[in-house]
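Observations on the model geometry
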Amino acid sequence: MKNTWNDFVKPIVVLGVICLVTSLLLAVTNNVTAPIIAENAVKTANATRQALLPSADTFTEVAPETPTEGVTAIYKADNDSGYVITAQAKGYGGEVPVMVAFNAEGTIEAVQFLDNDETPGLGQKVKSEAFQSQFSGMPAEEFGLSDIDAITGATISSGAAASAINAAIAAYNQEAGVAGEDLSALSPEELRGFAVVAEACAEAFLNEPSAQIVDDVARVARALGDGRLDGVVADEALRQRYSERFFVPTGPLYVPLSECSVRGAAEEEGRVRYAPVSGAQADHVLRCYRAVGFDYRALAGFGPAVGSLRPDSLAAELAFMAFLARAAAEAAGEDPAASERAAELLRQFAREHANAWLPKAARLLAAGDDDLYARTAALAADAVGSIGA
């Protein structure tokens, strides 16, 4: 019995006591140090904000009415000298966080990328002075990788950096009130007019070209005083072009018309490298759809086009905005509050999503050829820009 106690039971008891005492000590230490660590983190963040926007005196955190995807904190300078916004986007090794300071003139004062898990030596270069300094002085407008000096060999990290800053820009524009007029001021007739344009453009991308499809797009363009689609003929050559544009990934004219692919596209050595088809933007788009009961999978059209449809496809986003515009127009008389909610969601969606990539998509299509699809995308970009600029 004695040997059993010394050889087996006693070591277990001693080890258990040691573990218990250690756990208690760790718990006590954590209770003591956690507030200190949290306080130091707050002090560090405040010091960083002050360094990025020296003209500010003190800051007050702002709670936005409508949160922007990827934005984790918004602080406004109490002397109205600007904002400092923290945002993040997914990179190669995890989230890439950044603080972006905007001055009172509406330009970027400075940016600072925070600690992240990107690849040492490459992805971590987003924290270098050479990379960060290029954003100072830029207007608070959406940009792409082709607009900056991306880090060679770290395209994913560069793309995440750009996406994080763009998220901060979107939040700034919303808070500073420079995102455009409140769409609730648009009349029901104007809302229905936008819906007609968006629907006609969506149909052009969802269907093989026919005389009716081409005529519908040309007609709405002419109604806007735009003759860019006059003279387009729905012949066999145009049907072949439709296939080359959207179903032949190895062809020189192919452009994947999805938000994630286009927003993250980068030009390398004269060629465009499109980003993956899935990402945070597509996830947020889908949440917007579900919030109002819009089912993009119910859209009808050419089998291969409908089968490859994604939440952030151009046709799906246009159809969704048309859906919101019609909802706002129809509710204007009987339920002004519902009309205003639909209009606000339309304005926000246009600003944060469609307006952030449609112009780029139109440019990429036109770079291949100034055909029906490049012109239709440009028409859609103009229409969306008029409500979500």
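See the structure above.
Since this is a predicted model, take the numbers as computed values, not measurements.

With that settled, the discussion passes to empty space enclosed by the protein. Here the structure, examined in full by the defined rule, presents one cavity of 30 Å³ or more. Put simply, the largest cavity is a space of about 70 Å³. Around the largest cavity, the lining residues are Glu142, Phe143, Gly144, Leu145, Gly159, Ala162, Ser163, Asn166, Arg263, Gly264 and Gln281. Split into classes, the residues belonging to the lining of the largest cavity amount to three nonpolar, six polar and two charged.

To continue, consider the environment of leucine 229. Summarising the element assignment, leucine 229 is placed in the loop between helix H5 (211-223) and helix H6 (236-246). The class for leucine 229 is buried, based on a relative accessible area of 1%. Between the C-alpha atoms of leucine 229 and tyrosine 373, which are 144 residues apart in sequence, the distance is 9.9 Å. Dropping the residues within four chain positions of it, leucine 229 is found in contact with Val217, Ala218, Ala221, Leu372, Arg375, Thr376 and Leu379.

Strand order in the open sheet made by the five strands is S1-S2-S3-S4-S5, with antiparallel pairing throughout. Strand pairing shows two members of the sheet lacking a second neighbour, strand S1 (59-61) and strand S5 (108-113), which therefore form its edges. Neighbouring strand axes in the sheet, compared pairwise and without regard to direction, differ in orientation by 20° on average. Where strand S3 (residues 82-90) lies against strand S4 (residues 95-103), nine bridges are found, and the strand directions are antiparallel. Looking at S4, one finds that threonine 86 is bridged to methionine 99. With respect to the sheet, helix H3 (residues 155-176) is in contact with strand S2 (71-77), S3, S4 and S5, its orientation differing from that of S3 by roughly 140°.

Within the structure shown, the criterion is met by 18 salt bridges. The salt bridge partner of arginine 222 is aspartate 230, with a shortest N-O separation of 3.0 Å. The exposure class assigned to arginine 222 is partly exposed, which follows from its relative accessible area of 41%. Look at aspartate 230 and you get partly exposed, because its relative accessible area is 40%. Here arginine 245 ties to aspartate 371 by a salt bridge, and the two come within 3.0 Å at their closest N and O atoms. Of this pair, arginine 245 sits in helix H6 while aspartate 371 sits in the loop between helix H11 (336-368) and helix H12 (372-388), and the two are 126 residues apart along the sequence. No difference in accessibility class separates arginine 245 from aspartate 371, as the two residues are buried.

Attention now moves to the side chain of serine 258. Looking at where serine 258 falls in the secondary structure, it is placed in the loop between H6 and helix H7 (259-263). At a separation of 3.0 Å, a polar atom in the side chain of serine 258 contacts the side chain of serine 261. Look past the residues within four positions of serine 258 in its chain and what remains in contact with it is Val277, Asp312, Ser313 and Trp357.

Time to look at H6. The set of residues buried in H6 consists of Leu238, Arg241, Tyr242, Arg245 and Phe246. Angularly, the buried residues of H6 cover 105° about the axis, an arc narrow enough to put them on a single face. In H6, those exposed residues whose orientation departs by more than 90 degrees from the buried face are Glu236 and Ala237.

Two numbers describe how helix H4 (residues 188-206) lies on helix H10 (residues 314-331): the axes approach to 8 Å, and their chain directions differ by 160°. Taken as axis vectors, H4 and H10 run roughly antiparallel relative to one another. Crossing geometry of H4 relative to H10 is assigned as left-handed. Contacts between H4 and H10 involve Pro188, Leu191, Arg192, Phe194, Ala195, Val196, Ala198, Glu199, Cys201, Ala202, Phe205 and Leu206 from the former and Leu314, Ala315, Leu318, Ala319, Met321, Ala322, Ala325, Arg326, Ala328 and Ala329 from the latter. Considered class by class, the residues forming the contact of H4 with H10 number 19 nonpolar, no polar and three charged.

Tallying each qualifying case throughout the model produces 20 aromatic pairs. Taken together, a centroid distance of 5.9 Å and an interplanar angle of 75° make the contact between phenylalanine 205 and phenylalanine 246 edge-to-face. Note that phenylalanine 205 is positioned in helix H4 and phenylalanine 246 in helix H6, a separation of 41 residues in sequence. Across the pair, exposure class does not vary: phenylalanine 205 and phenylalanine 246 are buried alike. Each ring, one from tyrosine 289 and one from phenylalanine 294, has its centre 5.0 Å from the other, and the planes form 75°; the classification is edge-to-face. Phenylalanine 294 shares its class with tyrosine 289; the two are buried. Here a set of aromatic residues connected by ring pairs shows up, and it is made of Phe205, Tyr242, Phe246, Phe247, Phe302 and Tyr373. For the cation-ring pair, arginine 49 lies above tyrosine 75, with the distance from its terminal atom to the ring centre recorded as 3.7 Å.

About the thresholds
Residues numbered from 1 in each chain as written. Predicted model: local features only at pLDDT ≥ 70, side-chain atom pairs only at ≥ 80, totals over all residues. Heavy atoms only, no water. 1 Å grid on protein atoms, 1.4 Å probe; cavity = no way out; pocket = protein on both sides within 12 Å on 5 of 7 lines; lining within 4 Å. Points joined across faces, edges and corners; volume = space filled by probe spheres on them. Nonpolar A, V, L, I, M, F, W, Y, C, P; charged D, E, K, R; others polar. Helix = DSSP H or I, 4+ residues; strand = E, 2+ residues; numbered from the N terminus. Buried < 20%, exposed > 50% of the residue type's maximum accessible area, 1.4 Å probe, protein only. Contact = heavy atoms within 4.5 Å. Pairing = 2+ DSSP bridges. Axes fitted to C-alpha atoms, helices over the stretch in contact; angles between N-to-C directions. Salt bridge = Lys/Arg side-chain N within 4 Å of Asp/Glu carboxyl O. Polar contact = N/O pair within 3.5 Å; in protein donor to acceptor, adjacent residues only side chain to side chain. Arc of directions from axis to C-beta. Parallel < 35°, antiparallel > 145°, perpendicular 65-115°, else oblique. Left-handed = near helix turned anticlockwise from the far one by under 90°. Phe/Tyr/Trp six-rings, centres within 6.5 Å; stacked < 30°, edge-to-face > 60°. Lys NZ or Arg CZ within 6 Å of the ring centre and 35° of its normal.

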